[in-house]
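# Survey of secondary and tertiary structure
Chain by chain, the residues run as shown.
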Amino acid sequence: MLKDVLIISGSPKKEGNTSLLVGWFAEGAKSAGANVEIIRAADLEHKVMGCTSCRACQKSSSYRCVINDAVSDCVARFSSADVIVMATPLYFFGASSQLKCIIDRMFSLYKWDNAANTMETPLKGKTFVFLGSGFEDAGFEAFESPFRLTAEYSGMFYKSLVIKNAGISGDIIKLPDVRLKAIELGKEVV
Ligand SMILES: Cc1cc2nc3c(=O)[nH]c(=O)nc-3n(C[C@H](O)[C@H](O)[C@H](O)COP(=O)(O)O)c2cc1C
């Protein structure tokens, strides 16, 4: 069956290292027959910055954030994808703020019952892919850990391609093998 791949591209740069990684990954996934949708985090309309911790999503049975904006639509879309990809440049040892604002709204994709010590999420069983790059080669464990841990917590299969010494926006094209690795990963996960 045709796999549905949703890519959240977290760089504010339209033509940079992240967009190149995303493009190559998407090329691989499409060549393997997947349906691929790319959402640029920086283009989404936000009514609030990140999650407000209102907890209204925990009182509803819907896996949708109650704040009606484009981020809510984006996060609700995770439920129907087979493969969720998050791509971001390394900004001060973490994800870009554009991507983090979407990640925190994922609170609506979990239903916790603290008394019963249970958690339900439609993310379980999906594949999660992290695509990251940074200028230097320091702090990459701190960069990647939140993505790996979130995937594990959610019961998702985890894959990643993290590029150190990627240079400034667009320089990643000069690194040998990165394009092929990204294309191969795109093929592999679908
Ligand atoms: C605000 C900002 C913070 C950054 N912080 C780091 C950092 O802590 N470590 C690092 O290696 N690179 C850092 N970089 C460099 C980018 O992570 C790197 O050039 C990335 O590949 C750029 O991707 P892009 O072209 O998609 O924006 C930073 C860049 C910016 C603009």
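Above this text you will find the structure in question.
Residues numbered from 1 in each chain as written. Predicted model: local features only at pLDDT ≥ 70, side-chain atom pairs only at ≥ 80, totals over all residues. Heavy atoms only, no water.

### Focus on empty space enclosed by the protein
To be explicit about the condition: Put simply, the grid is 1 Å and covers the protein atoms alone, a cavity is a trapped set of points that fit a 1.4 Å probe, a pocket is an open set with protein on both sides within 12 Å along at least five of seven lines, and lining residues have an atom within 4 Å of a point. Grid points are joined across faces, edges and corners, and a volume is the space filled by probe spheres set on the points. When residues are sorted by character, Ala, Val, Leu, Ile, Met, Phe, Trp, Tyr, Cys and Pro go into the nonpolar class, Asp, Glu, Lys and Arg into the charged class, and all the rest, Gly among them, into the polar class.
In the structure shown here, the tally under the stated rule is one cavity of 30 Å³ or more. Its boundaries defined by the atoms lining it, the largest cavity holds a volume of some 100 Å³. Grouping the constituent residues of the lining of the largest cavity by class yields seven nonpolar, two polar and three charged.

### Concerning the layout of surface pockets
Over the atoms, a rolling probe the size of a water molecule traces out where space has been left empty. Keep this limit in mind: Working definition: helices are DSSP H or I runs of at least four residues, strands are E runs of at least two. Numbering for both runs from the N terminus.
Roughly 340 Å³ of volume is contained in the largest pocket. If you trace the largest pocket, you find 18 residues lining it, with Pro-89, Leu-90, Tyr-91, Gly-134 and Phe-135 closest to the centre. Lining the second largest pocket are 16 residues, and of these Ile-103, Asp-104, Met-106, Pro-146 and Thr-150 lie nearest its centre. Listed by contribution, the elements that provide at least two residues to the lining of the second largest pocket are helix H3 (97–104) and helix H4 (140–153).

### Some thoughts on the environment of Met-86
Relative to the helices and strands, Met-86 is located in strand S3 (residues 83–89). For Met-86 and Phe-147, which are 61 residues apart along the polypeptide, the C-alpha to C-alpha distance reads 8.5 Å.

### Observations concerning the nonpolar core
Formally: For our purposes a nonpolar core is just a set of buried Ala, Val, Leu, Ile, Met, Phe, Trp, Tyr and Cys residues, chained together by side-chain atoms within 4.5 Å. Relative accessibility decides the category of a residue: with a 1.4 Å probe and only protein chains considered, values under 20% of the type maximum give buried, values over 50% give exposed, and everything between is partly exposed. Residues are treated as being in contact if the distance between any of their heavy atoms lies within 4.5 Å.
Of all hydrophobic cores here, the largest spans 28 residues; its most connected members are Ile-8, Phe-78, Met-86, Ile-102, Met-106, Leu-123 and Phe-128. Only strand S1 (4–9), helix H2 (70–77), S3, H3, strand S6 (127–133) and H4 provide two or more residues apiece to this core. Contact partners of Ile-8, with chain neighbours within four places excluded, come to Ile-39, Ala-41, Cys-74, Phe-78, Val-85, Met-86, Ala-87, Leu-99 and Ile-102. Of all hydrophobic cores here, the second largest spans 24 residues; its members include Trp-24, Val-36, Val-129 and Leu-161.

### Examining the sheet that holds strand S2 (residues 35–40)
Going by this rule: One requirement defines pairing of two strands: DSSP has to find at least two bridges between them. Fitted lines through C-alpha atoms give the axes, limited to the stretch in contact for helices. The angle between two N-to-C directions lies from 0 to 180 degrees.
Pairing in this open sheet of five strands is parallel, and the strands run S2-S1-S3-S6-S7 from one edge to the other. The outermost strands of the open sheet, each flanked by one partner alone, are S2 and strand S7 (157–163). Geometrically, the sheet is characterised by an average inter-axis angle of 15° between neighbouring strands, direction not taken into account. Contacting S3, S6 and S7, H4 runs over the sheet at an angle of about 160° to S7.

### Description of the packing of helix H1 (residues 17–31) against helix H5 (residues 178–188)
To keep it simple, the criterion reads: Here the word oblique covers every angle except those under 35 degrees (roughly parallel), over 145 (roughly antiparallel) and from 65 to 115 (roughly perpendicular). It is the rotation of the near helix from the far one that decides the hand of a crossing: anticlockwise by less than a right angle makes it left-handed, clockwise makes it right-handed.
The contact between H1 and H5 brings their axes to 6 Å, and the two run at 45°. The angle between the axes of H1 and H5 places the two elements in the oblique class. Crossing of H1 over H5 shows right-handed handedness. Judged by residue contacts, Leu-21, Trp-24, Phe-25, Glu-27, Gly-28, Ala-29 and Ser-31 of H1 engage Val-178, Arg-179, Ala-182, Ile-183, Leu-185, Gly-186 and Lys-187 from H5.

### Looking at the site of the ligand
Spelled out, the test is: Proximity criterion: a residue is near a molecule or strand once any of its heavy atoms comes within 4 Å of it. Polar contact is the term for a pair of N or O atoms within 3.5 Å; when the atoms are in protein, one must be able to donate a hydrogen and the other to accept it, and sequence-neighboring residues count only if both atoms are side-chain atoms. For a molecule to be placed in a cavity or pocket, more than half of its atoms must lie within 2 Å of the grid points of that cavity or pocket.
In the region of the ligand, 17 residues are neighbours, and Thr-18, Leu-90, Ser-133, Glu-136 and Ser-169 sit closest. One nitrogen or oxygen atom from the main chain of Phe-135 is found 3.1 Å from an oxygen atom belonging to the ligand. Gly-167 has a polar backbone atom sitting 2.8 Å from an oxygen atom of the ligand. Cavity membership is defined here by more than half of the atoms lying within 2 Å of grid points; on that basis the ligand lies in the largest pocket. Along the lines of polarity and charge, the residues of the shell around the ligand split into seven nonpolar, eight polar and two charged.

### Focus: the pairing of S2
Heads up, the rule is: Viewed with both strands pointing away, a crossover whose connecting path from the first strand over the helix to the second turns clockwise is right-handed.
Of the strand pairs in this sheet, S1 and S2 are connected by six bridges, and their pairing is parallel. Residue pairing across strands places Val-5 opposite Val-36, the latter belonging to S2. For the crossover from S1 across H1 to S2, the handedness is right-handed.

### Description of H1
Keep this limit in mind: One less than the residue count of a helix, multiplied by 1.5 Å, gives the span that helix is expected to have.
Taking 1.5 Å per residue, 15 residues should reach 21 Å; H1 reaches 21 Å between its end C-alpha atoms and fits that length. Looking only at H1, the buried set comprises Asn-17, Thr-18, Leu-21, Val-22, Trp-24, Phe-25, Ala-26, Gly-28 and Ala-29. For H1, the elements touching its buried residues are S1, S2, S3, S6, S7 and H5. Of the residues flanking the end of H1, it is Gly-33, one or two places downstream, whose phi is positive at about 95°.

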